[in-house]
Amino acid sequence: MKTPLLLLLVVFGSFLHAETWSGTARISFDGTSTLHDWGGKVAVEPFKADVTMDGDRPQRVKAEVTVKAANMDTAEPKRDANMRKAMQVDAHPLIVGKIDAKFSEIAAASTPTKLPIELNLLGKPQNVTGTISNWKLAGKKATFDLDFPVSLKASGISVPTVLLFIKVGDGIKVHASVTLTQN
């Protein structure tokens, strides 16, 4: 009796299965101050993405991406020291982003798509919405850009005023170029 049921599933149904894809990303961030705009970069730890497949078509992706806060670099040592202090890197060494989304939410052809992200800064989770663009799936590799804002105030990050008048703006723009490779 099991054989006809299995045959019906093969003929009329689909087989969902999970795969693990390898992920890499390059992150840059940009902010403002009353004196000038500034920016920096940070490496993302290599990560794994669990991808639910329907045959050879991706259906869902779940991933956790980690950044070492102490590795954030603005190419200005004093600013980096102030940033690390404000980010409390000794108490909260990691910044973690989590996604769990239908692939269709990520992979809308040539149309920017919204992606919910759970971002953990200073040990506090918050929900942000990223915008995905430049989506490409070629063979066993998916690439896309992800942009999202971070509010220092909403994140609990307090940046002291420098020289009594230089203040950092609240909004930080984060940009990530992501590559997922099917193993």
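Note that this is a predicted model, so its numbers are computed, not measured.

## Details of the nonpolar core
So, step 1. The biggest cluster of nonpolar side chains holds 44 residues, and the ones touching the most others in it are Phe29, Met87, Ile95, Leu146, Phe148 and Leu180.
So, step 2. Ignoring any residue separated from it by four or fewer positions in sequence, one finds Phe29 in contact with Trp38, Gly39, Gly40, Lys41, Val42, Met72, Asp73, Thr74, Met83, Ile172, Lys173 and Val174.

## Considering the packing of aromatic side chains
So, step 1. Tallying each qualifying case throughout the model produces two aromatic pairs.
So, step 2. For the ring pair Phe29 and Trp38, a centre distance of 6.2 Å and an interplane angle of 70 degrees mean the geometry is edge-to-face.
So, step 3. Relative accessible area serves as the criterion here: at 4%, Phe29 is assigned to the buried category.
So, step 4. Look at Trp38 and you get buried, because its relative accessible area is 13%.
So, step 5. Pairing Trp135 with Phe144 gives two aromatic rings, centres 5.9 Å apart and planes at 35 degrees, and the pair type is tilted. Across the pair, Phe144 and Trp135 agree in class, each one buried.

## Quick word on the environment of Gln182
So, step 1. Here Gln182 shows up in strand 9 (residues 171-182).
So, step 2. Residue classification places Gln182 among the buried positions, given a relative accessible area of 18%.
So, step 3. Spatially, the C-alpha atom of Gln182 lies 7.8 Å from that of Glu19, the residues being 163 residues apart in sequence.
So, step 4. Other than its neighbours up to four places away in sequence, Gln182 contacts Glu19, Trp21, Met53 and Lys140.
So, step 5. A polar contact is formed between the side chain of Gln182 and the side chain of Glu19, at a distance of 2.6 Å.

## Description of the environment of Met83
So, step 1. By secondary structure assignment, the location of Met83 is in helix 2 (residues 77-86).
So, step 2. Taking the C-alpha atoms as reference points, Met83 and Ala69, 14 residues apart in sequence, are found 9.3 Å from one another.
So, step 3. Beyond its immediate sequence surroundings of up to four residues, Met83 is in contact with Phe29, Met72, Asp73 and Thr74.

## Digging into the confidence of the model for the chain
So, step 1. Per-residue pLDDT for the chain has a mean of 85; in total, 84% of the residues score no lower than 70.
So, step 2. Mean pLDDT across the elements of the chain bottoms out in helix 1 (residues 2-12) (46) and peaks in strand 2 (residues 38-43) (95).
So, step 3. Between residues 5-13, whose pLDDT stays under 50, and residues either more than four places distant or in other chains, the model counts five contacts.

## Re the side chain of Thr66
So, step 1. Mapping Thr66 onto the fold places it in strand 4 (residues 57-68).
So, step 2. Leaving out residues up to four positions away in the same chain, Thr66 has contacts with Val44, Glu45, Leu94, Ile95 and Val96.

Procedures and definitions
Counting starts from 1 at the beginning of each chain's written sequence and moves along it residue by residue. It should be noted that, the model being predicted, local features are given only for residues of pLDDT at least 70 and side-chain atom pairs only at 80 or more, the latter also being counted only at that level, while totals for whole chains, interfaces and linings use all residues. Calculated side-chain values reflect all of the structure's heavy atoms, with hydrogen atoms and water omitted. Grouping buried Ala, Val, Leu, Ile, Met, Phe, Trp, Tyr and Cys residues that are joined through side-chain atoms within 4.5 Å yields what is termed a nonpolar core. Here the term buried applies to any residue with accessible area under 20% of the maximum for its type, exposed to any over 50%, and partly exposed to those in between, with areas from a 1.4 Å probe on protein chains only. Throughout, a residue-residue contact means that at least one pair of heavy atoms, one from each residue, lies within 4.5 Å. Pairing of aromatic side chains here covers Phe, Tyr and the six-membered ring of Trp, requires ring centres within 6.5 Å, and sorts the geometry by plane angle: under 30 degrees stacked, over 60 edge-to-face, intermediate tilted. Secondary structure elements follow DSSP: runs of H or I no shorter than four residues count as helices, runs of E no shorter than two count as strands, and numbering proceeds from the N terminus. Any N or O atom pair separated by 3.5 Å or less is treated as a polar contact, with the protein-specific requirement of one donor-capable and one acceptor-capable atom, and with residues adjacent in sequence counted only for side-chain atom pairs. Residue-level confidence of the predictor, termed pLDDT, takes values from 0 up to 100.

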